[in-house]
Each structure stands twice: as structure tokens, then as C-alpha cells.
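Okay, here's what each chain looks like letter by letter:
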Amino acid sequence: MFENLSARLQKTLRDFKGEGRISEAHVQEVMREIRMALLEADVNFKVVRDFVAQVKDKALGEDVLKSLTPGQQVVKIVRDELVRLLGDEPESLSFAKVPPSTMMMVGLQGSGKTTSTGKLAAWLAKNGKQPLMLSVDVYRPAAIKQLEVIGKALGLPVFESGEMDPLERTRLALTHCRNTGYDVLLVDTAGRLHIDEDLMRELERIRAFLNPCEILLVSDAMTGQDAVNSASEFNRRMELTGIIMTKMDGDARGGAALSIRSVTGTPIKFVGTGEKYQALEVFHPGRLAGRILGMGDVLTLIEKAEEVADEE
């Protein structure tokens, strides 16, 4: 997804890295290239403006200008600011002190919400939890069936009921969790092609009833600035606790992923990196920044190897 941005930034910084001395004009030139690279990657223009200003201020500081390796210092500043933009540290999920923990999956239709519900359930199960999935999308044809198919493929339970009122389905599923020992209830909510009042009122009713530990927005990274705009509106109405960025393995420009944290103030908690149900990763800002700048991402590679390789 970040191939073009990565190539542009690496080319810009590669020549700069070996410089023994740098001037303000030199820094200005590099900042112009970085600004263009970010804008072409569809990063929000206000985010780009603030990012470039921060990097420029630090790059023109006394410590850098008088450093023995000023070019490398600037590369480090760019990397550190990218990490800050993306959220500094990975943000973990919150769980209730007394189970079950409830989590709402919200988002627009077509963002990958139902598939992400299955992926998150698989991740939770792998990490020692006992999740139960529930679909309250009673409007989209076969939405409930889709979650059942995903649950069957994963060998994980999906709550079934003939009840077709979303709030009542939620109440029945929560009672079932308490009676059977499931410690996480994942609620796959309805989506629309765009945000509307009916959808928001329904989501707000479910939120008021559940008082969820997590309200996770599933956002399609390939929709660019539309993803940032809808995330802002969802956050305004629902007070999101986290974002799952889907389709991060795609070939779009990726600006949404770089903008969304800064614009909404909501952390990215997971990223979807493929169609398989195991293709969900905890979001590590430092690792993504390293990948964009061509510094590699060895830790994620090691984790993937550990998952598929026999230890011996």
C-alpha cells in the first residue's frame, strides 16, 4: 500500500543521509519533497502541514546543524515524527473486570466489518479468550448468514436467534454469554453506504444498553480521505475507542492510515493485511514507520515465522 510513498521518501532521504553539513535551504528542499510525497499519498493536507512544520523545526535545531551526522539526524526526526503521527505505541484492547467484555464493531457497508469480526474473534481465541459473535445487521440480505459461515470456518460460536430486533438480539446474546461462560461478546452492527440518522440512533441505543469496553470502527484504507471523514463522524457520535484498518495489503495510496489517528484522535488498534482469517495484526506505529522509510520490519517477520514454523 505504501510502495509509492516509501519509494519517494527513501529517494529523498537517501541522498540527504550522507551529508556532512546541511543548510536551511537544503532542509527546505527536502521538506518540499516530503510534503509532495505525503500529499500524493492522499494524506490529509492539515496533517501534512503540521508534520512538515514539526520536522522542519527540529531539523533546523542547533543539535542537528552542529551534529557530526546531520543527514542521519534528519532521517531519524522524520521517522520519529511518522511514529508520533501514527500513535507512538501499540494500543491494546480493554476488557471488563467482570466478564463478559462487550465490543461493538461499527462502520460503513463494504468496509469489511463482518469479516473483521471473524478475524478479531480468531485473534481473541488465539490469545486465550472465549469469544461469542453476534450479528445485529437484520437489514442486509444474508448478513447474519455470512457471520455464521465465518464462525463455522473458524470453529468459533455465533449466537443464533429468530429474534429480528437488533436491541433484543443483543440482550439475548448478552444473557447467553453470562449463562454459558463466554468472556467476550463481539457485536457486528449494521452498516450503510453512508452515515444516516437511523443508523446512528440504532447504534446509540445498542451502546447505551451494552456500555461496551470497545467501540471499534472498521475502516477501509482504500477509500482514502472518505475513510477519514466517516471516521470523524462516527467518532463524534459514538466516541470510538479504536480503529481497525482493513485492506492494508491493497495498492491504494494509504493516506487514510497516516491521517486517521491525527484527525480523529482515535488509535488504530489492528490492521487487516489479507483475506485469510488470520490476516489481522496488532498495529505497531514504529514498525510501519520503519517499513515506509525502508528500515525494515524484522519483528513482524519473526512473529509470522513463529506462528507457522515448528519451534524445533
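An account of the accompanying structure is given in this report. Fair warning: this is a prediction, and the values are worked out from it, not measured in the lab.

A short note on the pattern of salt bridges
Opposite charge on two side chains makes pairing possible when the charged atoms of those side chains draw close.
At step 1: Throughout the structure, instances matching the rule amount to 15 salt bridges.
At step 2: Between D137 and R140 there is a salt bridge, with the nearest N and O atoms lying 3.4 Å from each other.
At step 3: As a salt-bridge pair, R237 and E204 come within 3.1 Å of each other at their nearest N and O atoms. Pair noted here: R237 is in helix α10 (residues 225–238) and E204 is in helix α9 (residues 197–210), with a separation of 33 residues, a long-range link.
At step 4: Taking relative accessible area as the criterion, R237 reaches 16% and is therefore assigned buried.
At step 5: Using a relative accessible area of 22% as the deciding quantity, one classes E204 as partly exposed.

Some details on the pairing of strand β2 (residues 131–135)
At step 1: Across the five residues of β2, five count as buried, placing the element largely inside the fold.
At step 2: Both faces of β2 are covered, namely the face carrying P131, M133 and S135 and the face carrying L132 and L134.

Some thoughts on the sheet that holds strand β4 (residues 214–220)
At step 1: Spatially, β2-β3-β1-β4-β5-β6-β7 is the arrangement adopted by the seven strands of the open sheet, whose pairing is mixed. Two strands in the sheet have a free side with no partner beyond their single neighbour: β2 and β7 (280–282). Each strand axis lies, on average, 25 degrees off the axis of its neighbour in the sheet, ignoring direction.
At step 2: The pairing of β2 with strand β3 (residues 184–188) spans five bridges and is classified as parallel. The residue bridging S135 from the neighbouring strand is D188, located in β3.
At step 3: In the packing of helix α8 (residues 166–180) onto the sheet, the strands contacted are β1 (101–106), β2 and β3, and the crossing angle to β2 comes to about 165 degrees.
At step 4: Here helix α11 (residues 255–264) sits on the sheet and contacts β4, β5 (242–246) and β6 (268–272); the angle it forms with β5, its principal contact strand, is near 165 degrees.

Observations concerning the nonpolar core
At step 1: Membership of the largest hydrophobic core comes to 65 residues, with the highest contact counts inside it found for I34, F51, L185, F234, M245 and L258.
At step 2: With eight residues, helix α5 (residues 70–86) is the largest single contributor of residues to this core.
At step 3: Contact partners of I34, with chain neighbours within four places excluded, come to L9, T12, L13, F51 and V78.
At step 4: Residues A121, M133, L156 and F270 belong to the second largest nonpolar core, which totals 21 residues.

As for the side chain of T246
At step 1: If you trace the backbone, T246 turns up in strand β5.
At step 2: Among the polar contacts made by the side chain of T246, one reaches the main-chain carbonyl oxygen of S111 at a distance of 2.8 Å.
At step 3: Ignoring anything within four residues of it in the chain, the contact list for T246 reads S111, S116, V218, S219, D220, A221 and G272.

Overview of helix α7 (residues 143–154)
At step 1: The terminal C-alpha atoms of α7 lie 17 Å apart, and with 12 residues this matches the ideal 16 Å at 1.5 Å per residue to within 8%.
At step 2: Inspection of α7 places A143, I144, L147, I150, G151 and L154 among the buried residues, and these make up the whole buried set. Taken down its axis, α7 places every buried residue within 120 degrees of arc, on the same side. Opposite the packed face of α7, turned more than 90 degrees from it, sit the exposed residues K145, K152 and A153.
At step 3: Next to the buried residues of α7 lie α6 (113–126), β2, α8 and β3.

Scoring rules and cut-offs
Residues numbered from 1 in each chain as written. Predicted model: local features only at pLDDT ≥ 70, side-chain atom pairs only at ≥ 80, totals over all residues. Heavy atoms only, no water. Salt bridge = Lys/Arg side-chain N within 4 Å of Asp/Glu carboxyl O. Helix = DSSP H or I, 4+ residues; strand = E, 2+ residues; numbered from the N terminus. Buried < 20%, exposed > 50% of the residue type's maximum accessible area, 1.4 Å probe, protein only. Pairing = 2+ DSSP bridges. Axes fitted to C-alpha atoms, helices over the stretch in contact; angles between N-to-C directions. Contact = heavy atoms within 4.5 Å. Core = buried A, V, L, I, M, F, W, Y, C linked by side-chain atoms within 4.5 Å. Polar contact = N/O pair within 3.5 Å; in protein donor to acceptor, adjacent residues only side chain to side chain. Expected span 1.5 Å × (residues − 1). Arc of directions from axis to C-beta.

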